[in-house]
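# A closer look at the structure
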Amino acid sequence: MKKNDIFEIEITGVTDEGDGVGRAENIAVFVPFALQGERVEVLIIKTYKTYAIGKLQRVISPSPDRIKSDCEHFYKCGGCSFQNVNYDTELSFKEKAVTDAVRRIGKCDCEILPILGAKNQSCYRNKAQFPVGTEGIGLYARKSHRIIDMNFCSIQDEKTAIIIKIVRKWMADFGVPAYDELADTGLIRHIYTRVGNNKMLLCIVSRKAEIPHIDELISALLDTGIEFWGIILNVNEKQTNVVLGKKSLVLYGKDYMFGKIGDCEFKVSHLSFWQVNSAQTKVLYDVVKDFASLEGNEVVWDLYCGIGTIGQYMGKNAKKLIGIEIVPEAIDDAKENAKRNGISDFEYYCGTAESLASSIKDRPDLIILDPPRKGCDRELIDTVIKTGVKKIVYVSCKASTLARDLEILEKNGYKATRIQPVDLFPRTNHCEAVAEILRVK
Ligand code: SAH
């Protein structure tokens, strides 16, 4: 097989990135946008030893699950994977991806509960990070740093597009330069938005703090009638892929927002983590609460606690809450939030979970783990095992690292009993999963 060959193939599976998979000349061919069950014509664009990448040329027999994408940017943009398939099928792909990872990587036979889907599949995101560059303002193309110019992203809160248009017009009217990534010149790098309780927190990320005509931008933004928690200028002087820099200046309002989950209210500083799908966060946390089934006399360790959300959401049912989180602003928020949410006994520590957990004095009755995509550090898992804690609830945003960590736990006296996949990210290839893990030895 070589580049530019054309094959007619049957799509027999889907990867966890959402690409269709078929075979030609006995090797696997990955075909973005092709759906399971379809017969398609593909152009080979890259070959490797054991697989190849194909470009979808033509769908010969379409899947009954295929739908027309509502988003004009779908086939270029790297944000979504499932705009061209009905939601039930997307959910079944995600459930299968979690199951496959847990079985194959984790070698774990626990029960996988039917995935909990989202009511809204569009406009659900409360956070947007639009890169600004010489190619325009928008989102990155698949696996690339090329910007696809756009105002409207169909999974974003509708206010985002209005903000993008205003910034775009202001940059054009006053000749404010976009950041040039290669030359490391120019100014505006990112438009970063968040929505809490329907009000907007906006961060303009710039290479330098001195920006011409910034007052005109603020008045144009306020003239939209959108309510703002605050407008912040974040300065990122480094030539880096990291979005936010160390220095922030408040241009208007505040540098934090408030958000609600169920009866709990949370302060979220602009540097702190907040789940991007507010409606589904409640569904996710209710699963955690259910798996935790606290009785009121437990010591709960909430590791990777962010602003304290999960622990506090069920914390009134615990005797004591102890959280660890790496972002200092998030720990400040967590302490404030604990008081706000009526938690009487709590401790929050700033640092890495792997370095701090072993020095916590109170023995845990329950450990909550909610790490980023790379999963838990091995040192932390060893600490968790050493505590001999009876129950762990592991909240994961990447099934493969959850599976890896489950295997370690299962070799060390624990058993995953059930896993609940929850879709917080409709149309994208991401999915959350909550695992209940019990000590068996
Ligand atoms: N449980 C929270 C946050 C989950 S996101 C919620 O549901 O809102 C994961 C969090 O882990 C982020 O806040 C991130 O800043 C933090 N984090 C990343 N690496 C960490 C580490 N090594 N130790 C502790 N916290 C870490």
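Residues numbered from 1 in each chain as written. Predicted model: local features only at pLDDT ≥ 70, side-chain atom pairs only at ≥ 80, totals over all residues. Heavy atoms only, no water.

Take the overall build of the protein chain next. Looking only at helices and strands, one finds 9 helices and 22 strands in the protein chain. Taken over the C-alpha trace, the protein chain has a radius of gyration of 23 Å; the compact-globule value for 441 residues is 22 Å, and the two agree within 12%. Dimensions of the protein chain along its principal axes, counting C-alpha atoms only, are 60 × 60 × 35 Å. A buried classification covers 54% of the 441 residues belonging to the protein chain. Contacts spanning at least 24 positions in sequence make up 63% of the contacts within the protein chain whose residues lie at least 6 apart. (Helix = DSSP H or I, 4+ residues; strand = E, 2+ residues; numbered from the N terminus. Rg over C-alpha atoms; globule rule 2.2 N^0.38 Å. Buried < 20%, exposed > 50% of the residue type's maximum accessible area, 1.4 Å probe, protein only. Contact = heavy atoms within 4.5 Å.)

Scanning the model with the defined rule gives 11 aromatic pairs in all. Residues tyrosine 256 and phenylalanine 258 carry aromatic rings whose centres are separated by 5.9 Å and whose planes lie at 90° to one another, so their mutual orientation is edge-to-face. You can call phenylalanine 258 buried: its relative accessible area is 16%. Ring pairs connect the aromatic residues Phe30, Tyr48 and Tyr51, which therefore count as one cluster. The ring of phenylalanine 33 has arginine 142 lying over it, and the distance from NZ or CZ to the ring centre is 5.1 Å. The ring of tyrosine 256 has lysine 267 sitting right over it, with the charged end atom 4.3 Å from the ring centre. (Phe/Tyr/Trp six-rings, centres within 6.5 Å; stacked < 30°, edge-to-face > 60°. Lys NZ or Arg CZ within 6 Å of the ring centre and 35° of its normal.)

Before going further, it helps to examine the sheet that holds strand β22 (residues 432-439). If you walk across this open sheet you meet the 8 strands as β6-β21-β22-β20-β19-β16-β17-β18, and the pairing is mixed. Two strands bound the open sheet, and with one partner strand each, they are β6 (111-112) and β18 (346-350). Sheet topology note: the strand β16 (residues 299-303)/strand β17 (residues 320-325) ladder contains 5 bridges and is parallel. If you follow tryptophan 301 over to β17, its bridge partner there is isoleucine 322. Helix α6 (residues 328-340) contacts β17 and β18 of the sheet and is inclined by roughly 170° relative to β18. Sitting on the sheet, helix α9 (residues 399-410) touches β20 (391-396), β21 (414-422) and β22, and the angle it makes with β21 is about 165°. (Pairing = 2+ DSSP bridges. Axes fitted to C-alpha atoms, helices over the stretch in contact; angles between N-to-C directions.)

All right, on to the site of the ligand then. As a matter of local geometry, the ligand sits amid 17 residues, with Tyr285, Thr309, Glu325, Ala353 and Asp370 nearest to it. Within the backbone of tyrosine 304, an N or O atom sits 3.0 Å from a nitrogen atom of the ligand. Between the ligand and threonine 309, the relevant distance is 2.9 Å, taken from an oxygen atom to a side-chain nitrogen or oxygen of the residue. A total of 560 Å² of accessible area belongs to the ligand in isolation, and the protein chains cover 90% of it. Of all the secondary-structure elements, those providing two or more residues to the shell around the ligand are α5 (309-315) and α7 (353-356). Partitioned by chemical class, the residues of the shell around the ligand number 9 nonpolar, 5 polar and 3 charged. (Near = heavy atom within 4 Å. Polar contact = N/O pair within 3.5 Å; in protein donor to acceptor, adjacent residues only side chain to side chain. Areas by Shrake-Rupley, 256 points an atom, 1.4 Å probe, with all protein chains shown as cover. Nonpolar A, V, L, I, M, F, W, Y, C, P; charged D, E, K, R; others polar.)

Judged by pairing direction, the sheet is mixed, and its 7 strands sit side by side in the order β9-β8-β7-β10-β11-β12-β13 without closing on themselves. Edge strands, defined here as strands with exactly one partner in the open sheet, are β9 (147-149) and β13 (247-253). Within this sheet the neighbouring strands show an average axis-to-axis angle of 30°, counted without direction. Of the strand pairs in this sheet, strand β7 (residues 127-133) and strand β8 (residues 136-140) are connected by 2 bridges, and their pairing is antiparallel. Considered in β8, the bridge of glycine 133 is made with glycine 136. Of the strands in this sheet, β7, β8, β9, β10 (188-196), β11 (199-206) and β12 (228-235) are in contact with helix α2 (residues 159-174), which crosses β10 at around 150°.

Close contact between helix α8 (residues 378-387) and α9 brings their axes to 11 Å; oriented N to C, the two are set at 35°. When you trace α8 past α9, the crossing you get is right-handed. Touching Arg378, Ile381 and Ile385 of α8 are Asp405, Ile408 and Leu409, all from α9. When grouped by side-chain class, the residues that make up the contact of α8 with α9 number 4 nonpolar, no polar and 2 charged. (Left-handed = near helix turned anticlockwise from the far one by under 90°.)

What follows covers the environment of lysine 96. Within the fold, lysine 96 resides in helix α1 (residues 87-105). Classification of lysine 96 by relative accessible area gives partly exposed; the value is 44%. Separated by 80 residues in the primary sequence, lysine 96 and aspartate 16 have C-alpha atoms spaced 8.9 Å apart.

What the domain assignment lists for the protein chain is domain 1 (6-66), domain 2 (91-120 + 277-439) and domain 3 (127-260). With centres defined by C-alpha atoms, the gap from domain 1 to domain 3 works out at 37 Å. (Domains from an automatic or database assignment.)

Let us look at the environment of valine 422. Counting through the fold element by element, valine 422 comes out in strand β21. Exposure remark for valine 422: the relative accessible area of 0% places this residue in the buried category. As a C-alpha pair, valine 422 and lysine 316 span 106 residues in sequence and 24 Å in three-dimensional space. Residues contacting valine 422, with those up to four places away along its chain left out, are Ile115, Leu116, Gln280, Val283, Leu284, Val287, Cys431 and Glu432.

Turning next to the side chain of glutamate 325. Within the element layout of this structure, glutamate 325 appears in strand β17. Here glutamate 325 is buried and forms no salt bridge, its nearest opposite-charge partner arginine 194 lying at an N-O distance of 11 Å. One polar contact links the side chain of glutamate 325 to the main-chain amide nitrogen of valine 327, over a distance of 2.9 Å. (Lys, Arg positive; Asp, Glu negative; His and termini not counted. Salt bridge = Lys/Arg side-chain N within 4 Å of Asp/Glu carboxyl O.)

Backbone geometry at glutamate 25 places phi at a positive 45°, although glycine is not the residue there. Judged by relative accessible area, which is 52%, glutamate 25 ranks as exposed. A positive phi angle, near 60°, is found at histidine 213, a position not held by glycine. Overall, the relative accessible area of 37% leaves histidine 213 in the partly exposed class.

It is worth spelling out the nonpolar core at this point. By size, the foremost hydrophobic cluster in this structure holds 85 residues, and its most contacted members are Phe130, Ile163, Trp170, Ile188, Ile191 and Leu202. Lining this core are residues from two domains, each supplying at least three of them: domain 2 (91-120 + 277-439) and domain 3 (127-260). With sequence-adjacent residues up to four places away left out, isoleucine 188 is seen in contact with Val132, Trp170, Met171, Val176, Pro177, Ala178, Tyr179, Ile204, Val205, Ser206 and Ile211. In terms of nonpolar packing, the next biggest core, distinct from the first, is built from 42 residues, Leu91, Ala357, Tyr394 and Ala403 among them. (Core = buried A, V, L, I, M, F, W, Y, C linked by side-chain atoms within 4.5 Å.)

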